[in-house]
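Structure at a glance
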Amino acid sequence: MTKIIKAKETMTAKERVLKTFALEKTDRVTIGYDTNDGVHMRVAKALGIPNGNREQVNQALGVDYRGVGAPYTGPSLFKELPDRRVNEIEGCYMRWIEHQTGGYWDFCDFPLKDAEPEIIANYPVPDPDNFDYSRIADQLEQHKDKAIYTGGAGTPDIINSTGRIMGMEDVLVNLMVEDEATLHFLDRRIDMQLSVMERTLAAAKGKIDFIWLGEDLGTQHSPMISLDLFRRVFRPRHQKFIDLANAYKIPVIIHTCGSSSWAYEDFIEMGVRGVDTLQPEAANMSPKYLKEHFGGRLCFRGCVSTAGPLAYGSAEDTVKDVKDTLEIMMDGYGYHFAPTHAIQDNTPTENVIAMYNAVHEFGVYR
């Protein structure tokens, strides 16, 4: 059985996370864990944890935060299709795709592709009343020694979540021309997400520590949309969530895949405190670039590439990559250690173990 040798701790997870958001010194960097199910099961087995119990894996790795949310309990809004999985909240369809190292659920069918305006505008959106907010208290009790967040990379996630039901070409064109039906649908969904989040915060009674948002904004080489489009369509809608966080006096971190640092000055103006994913191979996203341009104004989560040594190198290569990343990102504090995305099935188990042993060894502040 493999073991993670943890760093000596002098803070609680909650203290560590909140100080990291405040760009203050901690005992060690905060630790996050994101994986596909296949590699997660292999990591759990290596750690001697039965049945892939994710909470036990989180505990073994030293993960500092947990998410809470109200489950949807309302009626089915979307048609079931054979050999498909449908998301009960978004209404996107997925099919299972196998590959040589495992498999994944891929988005398909796209019910709003080439749809008439009336169908787009009125695509079903869940009623905020149909979520079970009474479950929040139990979730908080289970994780009372950790930092707690609500939301996630899918909130509001305008491009991706709409693309999953409309197709990426249609959604990007419709956003660029500010198609009335598409914007009406977006605002209905965002109003639902905001209401669910506000009720979740109220049910938590001050025990949620930060809000997580998401909006992928770049390819590996360039922005996916223009800054002008971001400011016209995206910024005012994102601002609603940030304003809600400010009302509860908690910080916001936003997930942005690809080359996204072109939007970070706007994020800072809007009140965002942290940015997540940070793929180092993407344009203007290396640890050095981020620290030089935004250090002291944003905290950072990610930078350990899931397409670099972690996936394609040895355990020794992985340790070096982790150490090199920490040397840059720990300077000036404000670093949440994490992979750039869900660790993929092609990643050797020993590399994942090496990654987390390395952060406990080299991620300590002296």
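As a reminder, the structure under discussion sits directly above these lines.
My aim in this report is to walk through the structure given alongside it, one point at a time. (Residues numbered from 1 in each chain as written. Predicted model: local features only at pLDDT ≥ 70, side-chain atom pairs only at ≥ 80, totals over all residues. Heavy atoms only, no water.)

Regarding the overall build of the protein
The condition is simple: For helices the rule is a DSSP run of H or I covering at least 4 residues; for strands it is a run of E covering at least 2, with both sets numbered from the N terminus onward. Exposure categories follow from relative accessible area, calculated using a 1.4 Å probe and restricted to protein chains: below 20% of the type maximum is buried, above 50% is exposed, and the middle band is partly exposed. What makes two residues a contact is simply this: any of their non-hydrogen atoms within 4.5 Å.
Across its full length, the protein carries 14 helices and 11 strands. In the protein, which comprises 366 residues, the share counted as buried stands at 52%. Once local pairs closer than 6 in sequence are excluded, the contacts in the protein between residues at least 24 apart make up 74%.

Topic: the side chain of H336
By the element assignment, H336 lies in strand β11 (residues 335-339). Aside from chain neighbours lying at most four places away, what touches H336 is V17, T20, F21, T30, C299, F300, R301 and G302.

Some remarks on the nonpolar core
Defined as follows: For this analysis, a nonpolar core means a set of buried residues of the types Ala, Val, Leu, Ile, Met, Phe, Trp, Tyr and Cys, connected via side-chain atoms within 4.5 Å.
Counting 93 residues, the largest nonpolar core has F267, F337 and Y356 as its most contacted members. Apart from the residues within four sequence positions on either side, Y356 is in contact with I4, I31, G32, Y33, D34, L61, F337 and P339. Listed in part, the nine residues of the second largest apolar core include V17, A147, W212 and I253.

Describing the pairing of strand β7 (residues 210-214)
Rules: Strands are treated as partners if at least two bridges between them are detected by DSSP. Whether a crossover is right-handed depends on one test, that the path from the first strand over the helix to the second runs clockwise when the strands point away from the viewer.
Most of β7 is tucked away, with five of its five residues classed as buried. Residues F210, W212 and G214 point to one face of β7 and I211 and L213 to the other, with burial holding for every one of them. Pairing analysis gives four bridges linking β7 to strand β8 (residues 252-256), with the strands arranged parallel. Paired with L213 across the bridge in β8 is I254. Note on the crossover from β7 through helix α9 (residues 227-247) to β8: the handedness is right-handed.

Structural notes on the sheet that holds strand β3 (residues 85-86)
Taken together, the three strands give an open sheet; going across it, the order is β3-β4-β5, and neighbouring strands pair in antiparallel fashion. Each of the sheet's edge strands pairs with one partner strand only, and the pair in question is β3 and β5 (102-108).

Some thoughts on the sheet that holds β8
Keep this limit in mind: The axes used here are C-alpha line fits, helices contributing only the stretch in contact, and every angle between their N-to-C directions lies in the interval 0 to 180 degrees.
Spatially, β1-β11-β10-β9-β8-β7-β6-β2 is the arrangement adopted by the eight strands of the open sheet, whose pairing is parallel. Strands at the two margins of the open sheet, each flanked by one partner only, are β1 (30-31) and β2 (65-67). Across four bridges, the pairing between strand β9 (residues 274-277) and strand β10 (residues 299-304) is parallel. The residue of β10 that forms the bridge with G274 is C299. Of the strands in this sheet, β10 and β11 touch helix α13 (residues 315-329), which is tilted by about 160° from β10.

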